[in-house]
Each structure stands twice: as structure tokens, then as C-alpha cells.
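The lines below spell out each chain.
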Amino acid sequence: MSVIEVRDLNRTFDGKKVLRGLNFSVEKGEVFGFLGPNGAGKTTTLRILLGLLRASSGEALVFGASLANQDRLRRRVGVLLENNGIYDRLSARENLDYYARLYAVEEPRAQVEEMLEFAGLTERADDLVGTFSAGMKRKLGLARAIIHDPELLLLDEPTSGLDPEAQVLVRDLILRLSGQEAMTVFMNSHHLAEVERVCSKVAILHHGSIQAFDTVEHLRAGSGMPRLSLSLADPEKTATALDLLSQLPSVSRTEREGNRILVTLTRGSPASPILTRLIQEDIGVEEATKVSRSLEEIYLGVVQEAEGSA
Amino acid sequence: MNGMLIVAQKEIRQILKSRNVLASAIIFVIVFGGFSSLSTLTSEGGGGPLDQLVFTLVPVLGIFMGYLFSSQAFLREKQGGIVETLLCSPLSLREIWMGKVIGVTVPAYGLTLLAAALILGLANSLSQMTLLPSLPLIAHLFTTVPLFIAATVGLLGFAQLLLGLRENQILNFAIIFALIFLLTMSQALFGSGFTISWVVVGSSLAIAILLLIATSWLTRFLDKERIVITIP
């Protein structure tokens, strides 16, 4: 059974379709990235999964049931929304203690201390949260979300509004949870670099429908045309090489990147004939590397394609 | 511990840490409780007026405390978005609402009893004989007053969770006017000759219980979606 199962999910607000027939699933132990621009429907999907909003049609199941009417099932789920869910007028320890008891954690005191350490806030444990920086609050929010050791963690833009240093810290914490604790993580984000580093599987949402859904590796492999980065033995022959390559039918595009040449091949073309041709022309190739597409390129491609077909 | 009581305990702790809100509540008690009783007690004499004053003024003060603290527990939490996280917890919406109502009612009632003690102290300091509240009045203070506060807090919490930001602003104005009206009414009742009998106390207790049941019934219409889409 999938941890999350979304089937033909639709949601309309005041006659406007916000979600259009979403279908995806998240398996146990996966770190799932739900990507999309602002207004794509990510938060609405998350809220439906959490049982905070109703679906107009279709299903959003967590552990095989809807969280909307399963109060006790929510004990197995940890949530960090845009708001950290912590109280400025209470100390870090009081906040964690409150949630530990709400979730009926067996040894709340020990767990609170462990979570303070996890978030690196042991020394500030008794300070009011109102005096914390945004990064500290986010880390405390994450500690709060996992204090009951959930099997599934749902995150909404976990590094939004944080400085780069805090972003790295929060990202590392998420990686630790998925690695050491084998927690299933569902993460809403429009931070592509973050998703690329953290997630094993992604869905790209645009205007309420999923445009791509696969593992990051498969998306990279199957998206667009293959590319080669060449480093020539004699950089002075770069212009000649560019000229030659642009005439080959298997080459769709050439770009110069410093002393390297970036060659985009036509779909299905192998790289070896190109290298052979260069050597035949006495242009020595020192290094040839296959270039993977970044998630950002894939994302932009998918979004542009969706815009074009709309 | 029961989830509802955990919420209640947190609300009490938070209210006790909110110095500004506590200061406003105490100032209100002194200004309206102290000065109203001073002006009325100096113009009248004996135990009858004291009973009337405590009977009418103390519940109004309690309702005000409930209003003040419920804004912290319900409205502020909704405006800040924290309520959304709480709705994802294993507690039902009703348990959350009940927990908050208890958590707000306890400190509001505590301060209300202090206000009653202040009025009694002032009355005794102004009188040459010892003035003690009647038994029906004591029963009123320990039964009807907390129920009235709880019903008001429950109703306010219900409305604050249900309504959007603008509607809540309008509601706040309406409540302030209603409180002023209630204070004026309590002043008007004072000296009108009615006595605090067991029948009066029993009737007001019945009204408080009915109000509490009605408020509790209303929470059936509370809905997570409605709360979430009205978060500013």
C-alpha cells in the first residue's frame, strides 16, 4: 500500500478549477518533491491530503484513508506548514512539550530534550520563541513536526524565507530524517535546487495539473535531447571544431563555454560518430562528458511546454 | 492527560505570560469594577445594594475578561495561522474548541472572583458594619458566573474561528458596544428594588446552562475548511 495515494483529485474554488484530475502516489521511504510555481495548487493539494480542505471529486488517501475523518490516524503524520505552528510567548521547551503531550509521546521529557538537540537549540531551550530568528523558528518547527516520530512528514516550502545558511541546515535535517529514520517525506516547494538535492521522486504541477511525475534520475534521462561537454586537446581549434560540429546532422546545437564545447545531439543520436569525426579532422578531444539536465531545466521545459499547449 | 486539558493548560500558561493582556484586564477591573462600586456604594447603604452590585456587575466583568482572553486564544492563533497546525493534530475540532474554552474561562473566572473580592473589600471599607454577601449571591458567583463566562467564550471562539478577518473586526466593535450596553444595564438594575433571591439565582443559572448548551450545539457547524479558508 502506498503511503500517499491521490486519484483523480479535483478541487474548484468559486467556479475556478484549482486542481484538475491529479494522480500520483508516494511510496514508503521516498522523499517526494511536489514542484510548481506559486498558485499551481501545491498548498491546496497538501491541505486536502491533511483533511483541512475537501476534494470536489476524487480521493486523497494517506495510509489508505482520508485524514479528514480519522483523528487518530493523524498521529502517524508530522506537518510543517508555512506557519511553524509554534507560540512566540512560550519557550522552545514549552512548545515542544505541548506538542509531545498532544501527540501522546510516551516519554515526553526525553523526547523534548532529543528534539532540542536535533534542532541545535539546547542552549536556547528556555528562551521565548519570540526572540528567535526565522531560521531558528523553522528548525524548531521541524523538530515540533517530528516530535512524535511520525511515519510520514508533510512539508510546505520548508526553507521558504530562510537565509542560505539556514536553508542548508533545514535541508540537512530533512536528509537525516529520510536517511537515518527512514521517514517518508512529502515536500511542497518551488525551490528547485533544494528538491534536486533532497528528493528521490518529483511531480511537477502547473495550473492544477501534473505535467511530469517520475524519479529525478528518470526525468533527467528521459527529458530533452542528450548533451555532451567536450574539452579539446588544443583549445585554439575550438572555432574549427564548432564549425565542423554545426554541420553534422546528428548535432542539434553547439555552444561555447570557455574552453569547452557543449554539444546538443538530436534525439537518439550516439556520441561516438561525433568524436570519430573530430579525430579524423585532427582535432584531439581531451575529455568528453555526458551532461545531465538539471531539474531547473527540466522544470522550465515542462512549464513552457504546458504554457504552449494551453 | 486528555488532549482537551492539554490545550486548556497551554492556554492558561499563555494567558498568564501575556502581560499586556493581563494588565488590560486588571485595569478594566479597577476602572469599571472599583469605580462603579465606589460611586454606587457611596450613594446607597446596607447589604441589599452590595448584593445587587455584585450580582449584576461581576458577570459583565467576567464576560469582558472572557472576550479579552478569547481573542488571544482563538483570533490571534487564527490570524497567525497556528490553528492550521493544531487542526492537523490528533485532536478533533471539538476537542480543540473545548480545550480553548476551558483554558480561557479559568483565568477569566479567576480574575472575576478577584473583582468580586475587590468590590466586597471596597464595600466593607466604606461601611461601618461588616457587609457579607448573601447565600444566593455566593451560589451565583460559584455557579452561574463561570457558566456565563464559558458560554460567552465558547460563542466568541466559535464566531472567531468561523468568520474572516473583516467580519471579526466588525464583531469586535459589536462586542465592545454590547459590553457598554451591559454595563449600563447593570447600573440601571442597581437600586431598582429587585432582591437577589434563590429564584433569581436559579433563573439566571438556567439561562447560563441553556446558553452553554446552545453554544455547544453551534459548534456542530464549525468546519476545518471554513476555518482554513478564512485564515488571513
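The structure this text deals with has already been given above.
This is a predicted model, so every value here is computed, not measured.

J.: Quick one: what's the story with the packing of aromatic side chains, residue by residue and with numbers?
T.: The geometry of two aromatic rings is summed up by the distance between their centres and the angle between their planes. Residues and elements named next belong to chain B. For the structure on display, the rule yields 13 aromatic pairs over all chains. Ring plane angle 15 degrees and centroid distance 3.6 Å describe the contact between phenylalanine 28 and phenylalanine 64, whose orientation is recorded as stacked. Remark: phenylalanine 64 occurs in helix α3 (residues 47-80) and phenylalanine 28 occurs in helix α2 (residues 19-43); sequence separation between them is 36 residues. Between phenylalanine 64 and tyrosine 67, the ring centres sit 6.1 Å apart and the planes meet at 55 degrees, which makes this aromatic pair tilted. One end of the pair is phenylalanine 64 and the other is tyrosine 67, both in helix α3 and three residues apart, which spans about a single turn. Overall, the relative accessible area of 9% leaves tyrosine 67 in the buried class.

J.: A description of helix α1 (residues 42-49) of chain A should follow, citing residues and the corresponding values.
T.: Residues and elements named next belong to chain A. Counting buried positions over the eight residues of α1 gives six, a clear majority of the element. Where α1 is concerned, the buried positions are Lys42, Thr44, Thr45, Leu46, Ile48 and Leu49. In the segment just after α1, glycine 51 is the residue with positive phi, at about 80 degrees.

J.: Run through unusual backbone geometry, naming residues and quoting values.
T.: Residue and element names in this part refer to chain A. Although it is not a glycine, aspartate 8 adopts a positive phi angle of roughly 45 degrees. Looking at aspartate 8, the relative accessible area reads 44%, which means it is partly exposed. The phi dihedral of phenylalanine 63 falls on the positive side, at around 50 degrees, and the residue is not glycine. Within the element layout of this structure, phenylalanine 63 appears in the loop between β4 (57-62) and β5 (77-80). In this structure phenylalanine 63 comes out as buried when scored by relative accessible area, which is 10%.

The rules behind these values
- Residues numbered from 1 in each chain as written.
- Chains lettered and ligands numbered in written order.
- Predicted model: local features only at pLDDT ≥ 70, side-chain atom pairs only at ≥ 80, totals over all residues.
- Heavy atoms only, no water.
- Phe/Tyr/Trp six-rings, centres within 6.5 Å; stacked < 30°, edge-to-face > 60°.
- Helix = DSSP H or I, 4+ residues; strand = E, 2+ residues; numbered from the N terminus.
- Buried < 20%, exposed > 50% of the residue type's maximum accessible area, 1.4 Å probe, protein only.

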